[in-house]
Each structure stands twice: as C-alpha cells, then as structure tokens.
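Each chain, written out:
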Amino acid sequence: MKHTISTAVLLALVFTCQVHAESASAPGQITALDQAGKTVLMADDVLPPVPGTAFFQAVNSGKAFQRIWVEGWKTRAQIFSWQVSAPTAGAYAVELVSSGVTEVVVDGGKHPLQSSIKAEGWEGWNRARLGAVQLKAGANTLTLQLPKDQATGGKVRSLELIPVAARAAYQKRVDALRSDTTWMREGKYGVMLQYGGWGYPAQGDKKLFEQVVQEFDVEKFAKQVDEDMGAKWVIWSITWRGSHFPMPLKSVDSIVPGHTTRRDLAADLAAALKKRGIKLMFYYHPGHEDPTWWAANWGPDASTARGDKARFLKNWQAVIAEIGNRYGDDLAGWFFDDGALYSPAGFEVLTKVAKSGSSNRLVSYNSWILPTFTDFQDVHMGEMFTNANPADMDACGIYQSGPLKGNQAHCMVTVNSEGWGVWQPNTSIPLRMSAGQAIALVKRGAARGEVVSLNFDMYEDGTITPETLEMFRQVKKAIRLLPPVSEGKPATVSGEWPGGYGADKAVDGDPGTFWAFAKGDTAAWLEVDLGKPMNMSRAVICEGVTAPRVPLVSKFTIEAQQADGSWKAVANGTDIGAERTLTFQPAAARKFRLHVLESKDAKGTSPVVTEFQIFAK
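Residues numbered from 1 in each chain as written. Predicted model: local features only at pLDDT ≥ 70, side-chain atom pairs only at ≥ 80, totals over all residues. Heavy atoms only, no water.

A. Examining the overall build of the protein more closely. The helix and strand tally for the protein stands at 12 helices and 25 strands. Since a compact globule built from 617 residues should have a radius of gyration of about 25 Å, the 28 Å found for the protein is in line with a globular shape. In terms of overall dimensions, the protein has a C-alpha envelope of 90 × 60 × 40 Å along the principal axes. Per-residue burial over the protein gives 56% buried out of 617 residues. If you take every contact in the protein between residues at least 6 apart in sequence, the share linking residues at least 24 apart comes to 75%. Approximately 25,100 Å² of the protein is accessible, and the part contributed by carbon and sulfur atoms is 52%. For the protein, the distance from the average site of its 65 positive side-chain charges to the average site of its 64 negative ones is 3 Å. (Helix = DSSP H or I, 4+ residues; strand = E, 2+ residues; numbered from the N terminus. Rg over C-alpha atoms; globule rule 2.2 N^0.38 Å. Buried < 20%, exposed > 50% of the residue type's maximum accessible area, 1.4 Å probe, protein only. Contact = heavy atoms within 4.5 Å. Areas by Shrake-Rupley, 256 points an atom, 1.4 Å probe, with all protein chains shown as cover. Lys, Arg positive; Asp, Glu negative; His and termini not counted. Charge placed at Lys NZ, Arg CZ, Asp CG, Glu CD.)

Written as structure tokens, this is what we have:
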C-alpha cells in the first residue's frame with residue numbers, strides 16, 4: 001500500500017500533531033485529554049517548577065526544547081501538578097516514565113492511586129503502568145507525589161494517560177501500523193555509517209559535497225558490503241553533522257536552497273545494494289549541527305527557547321514524505337535520531353508519514369537510555385545498547401515487557417572511533433572492536449532474536465581501512481560461513497576450577513562462559529574430539545580478559561594427535577589476550593588440543609579460556 005501525502009494533507013497533519021495523542025500543552029496551560037490516544041504530561045510543564053528539582057538536557061545539544069527529564073525528586077513536598085480537561089468522566093489509565101523512584105501517588109481528585117515501581121531499563125528507567133485514576137468531565141487537577149521521602153533524588157520525565165475504554169482500539173491501531181521485522185532477524189547483522197558533507201579524506205582538505213557525491217563509487221561500496229562484510233542491510237546517514245542531502249529534493253530546496261545534490265546518490269546506492277540482496281535504510285538527524293538548517297526549521301528562537309515546533313514538524317513531514325514516496329519499497333527503514341526533540345508529538349501521524357511509499361518500512365525514534373517515546377514504532381534504535389534483557393523478549397526478539405515493549409530488539413555499536421564517523425581533517429580510523437568481540441555480539445544476539453548494526457568509519461572518497469575490512473571478513477566467515485568444527489564437540493581438560501567451569505564451556509560458542517584452570521595451575525591443556533579425522537587449518541582462541549580479569553597466558557601450542565597417540569604442534573604462540581587467530585598448514589586429525597605451557601601469576605585466580613575453536617581447511 002502506498003501512502004501519498006499532498007501539501008494540503010501535510011498542513012492538516014501538522015495541526016493534528018499539536019492537539020492529538022501524545023501531545024502536551026505549553027507550561028502552565030490546560031491540557032485537553034485525548035479520547036483516542038495517549039496524552040503526555042511532561043514533568044517540565046508544571047509552573048512554577050517543582051522546588052528542589054532541576055531540568056536535565058543532553059549536554060551535546062544546548063537547545064532548551066530538547067526535553068529530557070526533571071531530576072532531584074525525593075520529598076513528599078515536591079508535588080508535580082497539571083491542569084487537564086477531560087472530555088468525559090471516567091477511568092484513565094496512567095503510565096509514569098521515571099527512574100530511581102520506587103513508589104508514587106497519582107491523585108485526580110477522587111480515589112488517589114498509589115503504586116510501586118520497579119527499575120527495569122537502562123539506568124533504572126521504566127515506563128510503569130500504575131493503574132487508573134477517575135477524572136470528572138471538564139477541568140481536573142492531576143498531581144504526582146511521593147508517598148514518603150527517599151534518600152536519593154529520582155528522575156521523572158512524563159505522566160501519560162489514556163482512557164481505559166479507548167485502550168483496545170489504540171492497541172489495534174498500533175498493531176496495524178507495525179511492520180514485520182523477520183527479515184532483520186534472518187539477516188542477523190548489518191552495517192551503519194555516518195557519511196556526508198561533513199566528511200574528510202585521510203589527509204588534507206575536503207572537497208565540495210556535490211563533487212564527493214558525483215564521484216562516489218556505489219558499485220565498489222556495494223561489493224565491499226556484500227563480499228567483505230557480509231552485511232544484510234546498510235543504515236546510511238543522509239544527515240548527521242550537517243543537513244546537506246545526497247539527492248535532489250524539492251522539499252529541502254524550499255526550506256533552505258543549496259542543501260541538495262544533482263545526483264540521486266541514494267537511488268543509485270539502493271539499486272546497487274538491491275542487486276546483491278542488501279536492504280537500504282536511512283539514518284536521519286534533526287539538524288542542530290547545521291545552524292542554517294536549524295534556524296530555518298525552528299524559527300528565530302531556535303537557540304534560546306523551545307522554538308517553533310509546528311514549523312519543524314511541517315518541514316519534517318514534507319521532507320520525509322517526499323523521500324519515502326520516491327524510493328518506495330527500496331527504502332526499508334528509518335532511524336530518526338534525537339527522539340526527545342520530537343516527543344511529545346503525534347507519533348501515530350509521524351509514523352504514517354515515515355511509511356509513505358511503503359507500508360512495510362521500519363521506523364525507529366532514538367530514545368537514548370529512556371523507554372521508547374511512542375508505541376508507534378517498530379525497532380528499538382539501540383545506540384550502544386548491548387545489554388538487552390532476554391527475559392523481556394520472546395523467541396523472535398520482540399520485547400514483550402519492560403520499557404521497550406513491542407519493539408524489535410536492536411543493538412547499534414561502533415567498531416571504529418567513538419565519534420561515529422570522520423568529521424575532522426587528518427583523522428585516523430582505528431579499530432576499537434575486535435573480530436572476536438563483534439562475532440560474539442552477533443552470535444549472542446542471534447541466539448535470542450536481537451539484531452546488530454555495526455557502525456564503521458569511511459573517508460570522503462569511500463575508502464575503508466584494510467584493518468576494518470579484515471575484521472568484517474572474519475565476522476562474515478564466522479556468521480555466514482561454516483561454524484567452527486569444534487563447537488559442541490566432546491572436550492576434556494587437565495583440570496578445572498570447581499563450580500561449572502569445565503571443558504564444555506570453551507567449545508559451546510558462548511563467549512560468556514569459560515573453562516578455568518584448576519587452582520594453582522600455570523600450565524594446562526584442553527582437548528577436543530571432532531569425532532573423526534578432519535583437515536583443520538585455523539584456530540581461534542579467546543582468553544577471558546573482561547575486567548577485573550587480565551591476560552595471563554604467556555606461552556602455548558596448538559597440537560594435533562597423531563595415529564600413534566602422540567601429539568604434534570601445528571601452531572604456537574605467546575600471549576593470547578582477548579582473541580588470537582592462528583593459521584597453520586592443514587593437519588588431519590580427530591583430536592586437537594590447546595596446550596598452555598606457561599601463564600603469569602594469577603594472584604589467587606585462574607587463567608580462563610572462553611573459546612577454543614578449530615576450523616576446517
């Protein structure tokens with residue numbers, strides 16, 4: 001189904017976003033509750049501000065209308081109060097987005113609601129369903145209070161209400177708008193990159209963005225993504241540290257001329273990737289790194305006040321709809337960064353716009369460490385989120401509970417610099433994630449349905465460092481090609497630390513388990529039985545070095561058992577560290593072993609090996 005958005009409809013949608021579900025009033029004004037969807041009451045909407053609290057915003061923005069949370073909430077005297085107008089009398093379900101708060105009282109003037117809260121999400125953030133309050137038709141005062149003082153200050157972002165009678169219909173609309181994420185789970189991992197007008201070459205000054213776009217070799221890039229990286233999707237940043245779009249767009253030209261290119265690089269990229277069975281998704285930054293674009297979208301008060309949000313939403317919808325309708329099903333998803341700038345908003349409308357041209361398109365709004373801002377999205381952005389709780393997910397990786405409920409579990413991490421891209425001159429691109437770490441992350445995710453996007457850096461001319469490509473080749477081999485022959489095979493050891501740290505833990509494919517040497521041993525061996533003689537030529541060893549552990553192995557050999565029962569070294573080395581890969585002349589044997597000859601003083605602990613993997617020729 002295609003979503004075609006006309007200019008007239010866009011204007012109507014903008015108005016709807018201001019008064020519809022999930023919207024809030026200006027501070028101190030009366031908020032009209034919505035009969036069909038959620039109404040979001042922001043903690044910073046109360047006037048005067050709650051004594052003793054402080055408003056927090058992300059330090060990298062500096063925009064007063066990036067609404068994050070209020071903190072320092074710890075006494076009964078600190079009362080949040082909102083004026084709300086209910087269309088009809090009745091029960092309204094209440095949800096609270098908070099952290100560091102264990103119990104609250106919500107009072108709508110009749111039958112106060114007291115509820116306990118448990119910490120569930122990242123840094124304790126949760127979207128807690130508290131129950132329901134009774135409101136009368138017309139004006140109401142709604143208060144949020146602690147039942148007793150607490151020692152540490154809690155944080156609160158919003159109180160959210162929906163008529164109990166409307167809840168089922170609301171969930172039906174949520175379910176109807178969500179898209180199937182099966183293809184992501186089947187693909188297991190993809191790649192992401194920030195590449196645009198902010199980029200630089202390895203050395204020297206950058207070129208004009210128009211020239212960069214004209215010269216970019218999409219076939220070479222697509223080939224590397226396919227043959228070297230083995231990725232099943234690409235998340236391409238069409239904006240990030242600037243808002244110059246790599247495509248011609250009438251909507252953008254009408255906002256700020258000169259922020260587009262003649263070549264439709266996105267269309268060429270989509271076509272090149274599609275031939276190789278790789279899906280293309282876009283990352284979109286709202287633009288506060290580009291002063292000209294920012295002012296044009298938020299108005300003259302963009303840097304000092306909340307800005308003209310209606311203008312921002314109108315322009316956003318025009319741009320997103322034009323892009324979506326142009327690329328149709330060739331655009332598989334949107335990842336909208338800085339969701340706190342959108343929220344509160346009419347996300348149901350925004351998500352329909354984001355799916356213009358393809359009802360199958362995935363949508364995500366980055367909520368950082370917070371619970372999702374809206375139910376009307378498909379995928380958790382997952383920026384640096386590597387600690388998803390499997391207990392919250394079903395077998396398909398969809399959160400069934402917790403602050404991310406309903407979303408596809410997704411992890412987005414950097415393999416190169418922590419800066420997420422090349423945006424300064426003469427920038428080196430080091431690896432900050434080993435192949436073993438990336439493989440472990442993808443494998444762990446695949447086991448529970450969580451998908452992974454590995455973000456890499458690329459220079460202005462499309463150059464990817466050899467070290468980065470080699471790392472991805474190893475990931476591809478481990479994930480796309482045959483697994484290690486040794487995985488799951490019978491294993492024995494010379495000795496082990498008691499309590500479940502035996503030989504099987506080093507051949508189970510799980511980097512979170514390990515074989516630990518017997519107490520006091522500085523030399524030890526682990527033997528794996530492949531079941532029959534096989535030609536092996538590569539081994540990967542991972543030593544447990546996650547803090548507080550440190551590398552201890554200082555000398556080892558890899559040995560193949562001969563026909564007469566003796567052992568012959570096929571490879572040897574000194575330190576193992578986090579991961580060590582060794583290739584050797586093909587050796588035919590049924591049994592192989594890791595023989596640690598020396599290890600450093602462990603000071604009461606034992607050396608550990610998380611994985612010993614043997615690969616066929």
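Read on for the rest.
B. Up close: the nonpolar core. Core analysis: the largest hydrophobic core is formed by 84 residues, its most contacted members being Trp 236, Phe 282 and Tyr 284. With 8 residues, the single largest contributor to this core is helix α9 (residues 309-327). Excluding anything up to four places from it in sequence, Trp 236 contacts Leu 193, Tyr 195, Phe 216, Phe 221, Pro 246, Leu 265, Leu 269, Leu 280, Met 281, Phe 282, Tyr 283 and Met 458. Judged by nonpolar contacts, the second largest core, of 30 residues, contains Val 485, Val 507, Val 553 and Val 609. (Core = buried A, V, L, I, M, F, W, Y, C linked by side-chain atoms within 4.5 Å.)

C. Main features of empty space enclosed by the protein. What the rule picks out here adds up to 4 cavities of 30 Å³ or more. In this model, the largest cavity occupies a volume close to 50 Å³. Looking at the largest cavity, the residues that line it are Phe 216, Asp 217, Lys 220, Phe 221, Gln 224, Met 458, Asp 461 and Gly 462. Looking at the lining of the largest cavity residue by residue, the classes come out as 3 nonpolar, 2 polar and 3 charged. (1 Å grid on protein atoms, 1.4 Å probe; cavity = no way out; pocket = protein on both sides within 12 Å on 5 of 7 lines; lining within 4 Å. Points joined across faces, edges and corners; volume = space filled by probe spheres on them. Nonpolar A, V, L, I, M, F, W, Y, C, P; charged D, E, K, R; others polar.)

D. Structural view of the sheet that holds strand β17 (residues 410-414). Read from one edge to the other, the open sheet built from 7 strands follows the order β16-β15-β14-β13-β12-β18-β17, with strand pairing classed as parallel. Across the chains shown, the open sheet's two edge strands, defined by having one partner strand only, are β16 (362-365) and β17. Strand after strand, the sheet turns through a mean of 20° between neighbouring axes, direction not considered. Sitting on the sheet, helix α5 (residues 218-229) touches β12 (189-193) and β13 (233-237), and the angle it makes with β12 is about 140°. (Pairing = 2+ DSSP bridges. Axes fitted to C-alpha atoms, helices over the stretch in contact; angles between N-to-C directions.)

E. The arrangement of the side chain of Asn 455 in detail. Mapped onto the elements, Asn 455 comes out in strand β18 (residues 451-455). With a relative accessible area of 0%, Asn 455 lands in the buried category. Within the local environment of Asn 455, its side chain forms a polar contact with the side chain of Gln 194, the two groups lying 3.4 Å apart. The contacts of Asn 455, once residues within four sequence positions are left out, are Met 192, Leu 193, Gln 194, Val 413, Thr 414, Val 415, Asn 416 and Trp 420. (Polar contact = N/O pair within 3.5 Å; in protein donor to acceptor, adjacent residues only side chain to side chain.)

F. View of helix α11 (residues 435-448). For α11, spanning 14 residues, the distance from its first C-alpha to its last is 20 Å, which sits close to the expected 20 Å at 1.5 Å a residue. On its buried face, α11 is in contact with β12, β17, β18 and α12 (466-480). Just beyond α11, the residue with positive phi is Gly 449, at close to 85°. (Expected span 1.5 Å × (residues − 1).)

G. The arrangement of the side chain of Glu 527 in detail. By the secondary structure assignment, Glu 527 is in strand β21 (residues 524-543). Glu 527 gets classed as buried once you look at its relative accessible area, which sits at 14%. Those residues within four positions of Glu 527 in sequence are excluded, and the remaining contacts are Pro 490, Ala 491, Thr 492, Trp 567, Lys 591, Phe 592 and Arg 593.

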